[in-house]
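# Structural description and commentary
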Amino acid sequence: GVLGSSDRYTIGFQTSLPFDEIQISMGGELLGLSLDVFNVYHPVVTNFCEGAALECRTDTPISTPDFPVFINAENTGVTGLANACLLGDCIEDMDNLINENPNEGAVITPLLSSGSANISVKFGAGSYGADGSNPVFVGFDIGNASLLDVDVLSGITITTFFNGSKRQSSDADGNALVEVGTDILTSDGRRTVGFAATQEFDEVQLSISSVVGVELAATTVYQLVLRDLCPGDPMECGETANLEQDS
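Residues numbered from 1 in each chain as written. Predicted model: local features only at pLDDT ≥ 70, side-chain atom pairs only at ≥ 80, totals over all residues. Heavy atoms only, no water.

### Focus on the overall build of the protein
Where we set the bar: Comment: elements are numbered from the N terminus, with helices defined as DSSP H or I runs of at least four residues and strands as E runs of at least two. Only protein chains enter the area calculation, which uses a 1.4 Å probe; residues under 20% of their type maximum are buried, those over 50% are exposed, and those in between are partly exposed. Residue contacts are defined here by distance: any two heavy atoms, one from each residue, within 4.5 Å place the two residues in contact. Accessibility throughout is a Shrake-Rupley quantity obtained with a 1.4 Å probe, and a residue counts as covered only by protein chains that appear here.
Tallying secondary structure elements over the protein gives 0 helices and 15 strands in all. With 247 residues in all, the protein has 39% of them scored as buried. Within the protein, contacts between residues separated by at least 24 positions form 75% of all contacts whose residues are at least 6 apart in sequence. Entry remark: accessible area of the protein is about 14,400 Å², with carbon and sulfur atoms responsible for 50%.

### Some points on the pattern of salt bridges
Rules: The rule for a salt bridge is simple: a side-chain nitrogen of Lys or Arg has to be within 4 Å of a carboxyl oxygen of Asp or Glu.
One pass over the structure, following the stated rule, counts 3 salt bridges. D59 is the salt-bridge partner of R227, the closest N and O atoms lying 2.6 Å from each other. Of the two residues, R227 sits in strand 15 (residues 219-228) while D59 sits in the loop between strand 2 (8-11) and strand 3 (60-62), which places them 168 residues apart along the sequence. Taking the relative accessible area as the measure of exposure, R227 reaches 6% and is therefore buried. The salt bridge involving R190 is made with D141; its shortest N-O contact spans 2.7 Å. Highlighted residues: R190 in strand 13 (residues 190-197) and D141 in strand 9 (residues 136-143), separated in sequence by 49 residues.

### Quick look at the pairing of strand 8 (residues 116-123)
Short version of the rule: Paired strands, as defined in this entry, are two strands with at least two bridges between them according to DSSP.
Within strand 8, 8 of the 8 residues are buried, which leaves the element mostly enclosed by the surrounding structure. In strand 8, alternate side chains face the same way, and those of S116, N118, S120 and K122 on one face and A117, I119, V121 and F123 on the other are all buried. Sheet topology places strand 4 (residues 69-71) next to strand 8; 3 bridges connect them, and they run antiparallel. Bridge pairing in strand 8 places F70 opposite K122. The pairing of strand 5 (residues 77-79) with strand 8 spans 3 bridges and is antiparallel. Across the sheet, G77 pairs through a bridge with N118, a residue of strand 8. Where strand 8 lies against strand 14 (residues 203-209), 7 bridges are found, and the strand directions are antiparallel. Paired with V121 across the two strands is V204, which belongs to strand 14.

### Topic: the environment of L229
Tracing the backbone shows L229 in the segment after strand 15. According to the relative accessible area criterion, L229 is partly exposed, its value standing at 29%. Counting along the chain gives 95 residues from L229 to N134, while the straight-line C-alpha distance between them is 5.8 Å. Residue contacts for L229: discarding those within four places in its chain leaves N134, P135, V136, F137 and A196.

### Considerations on the state of the cysteines
Covalently bonding the sulfur atom of one cysteine to the sulfur atom of another cysteine gives a disulfide. Heads up, the condition is: Defined by distance alone, a disulfide is two cysteine sulfur atoms within 2.5 Å.
Applying the stated criterion across every chain yields a total of 1 disulfide. Through a disulfide, C56 is tied to C230; the S-S separation comes to 1.4 Å. Disulfide C56-C230: the torsion about the S-S bond is 65°, which places it as right-handed. On the criterion of sequence distance, the pair formed by C56 in the loop between strand 2 and strand 3 and C230 in the segment after strand 15 is long-range, its members being 174 residues apart. On the basis of relative accessibility, which here comes to 37%, the residue C56 falls in the partly exposed class. Classification of C230 by relative accessible area gives buried; the value is 11%.

### Considerations on the confidence of the model for the protein
In low-pLDDT segments, the atomic positions of the prediction should not be examined closely. For clarity, the cut-off: A score from 0 to 100, pLDDT tells how confident the predictor is in each residue.
For the protein, mean pLDDT is 79; residues scoring 70 or higher make up 72% of the total. Summarising per-element confidence for the protein, the mean pLDDT is lowest in strand 1 (residues 2-5) (50) and highest in strand 3 (95).

### Structural notes on the pairing of strand 10 (residues 156-162)
Taken across its 7 residues, strand 10 has 7 buried, putting it largely inside the fold. Burial along strand 10 is two-sided: the face carrying I156, I158, T160 and F162 and the face carrying T157, T159 and F161 are both buried. By the bridge criterion, 6 bridges tie strand 10 to strand 14 in an arrangement that is antiparallel. Bridged to I158 within strand 14 is L206. Inspection of the sheet shows strand 10 paired to strand 11 (residues 165-169) by 4 bridges, in the antiparallel sense. Looking across to strand 11, one finds that F162 is bridged to S165. Hairpin geometry of strand 10 and strand 11 is characterised by an intervening segment of 2 residues between the two adjacent antiparallel strands and by a positive phi of about 55° at N163.

Here it is, written out as structure tokens:
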């Protein structure tokens, strides 16, 4: 996993084996980057415990320390051209995506005509959407002024993983990407977009690609959002009701 802002990062991996020593080694590809100094501040150890169960038909923002999540570097980064971003680093302030502040987010800078930027949130313990359970809405709260153009949704893909293997994706198997809990008339371009996952998962990845004919602005990814899509309340015979998100 990797967390960081500015030039300071926390890097590491997840292990299930006992240990009494931690070593960091630097070399190989790093030797050719003309980097003068690496500052190693201190070792970091996190004990992952399962998060709470999802509440019925209620949006649950996923953040630490309530949920055992981290940014999975293996499924985070840029695909396609190495210089696919117009400005600076392709993804900045990744740790903001999983912190407790709902108005801070990771920033994906504008992309060139080819390539895509990916950021993936993994649960260090537990999973959701197991066999026999309700479907789970899996989405990201994102902000981009270009989202006012509905064609931009075609450049967004959300993918679930379980034990490192891809399970479902919003661009396959009829899993349509939808917007929820948002007002299409707002001007800030902040939306929650996602799909209903029907298979077990322990990781969710957001991928953003450029869209032909649309000038895509920087995207702020505020938080991963999950919702247990449990059945609604039963209706009486002949009853008419308005269908709402939490009913």
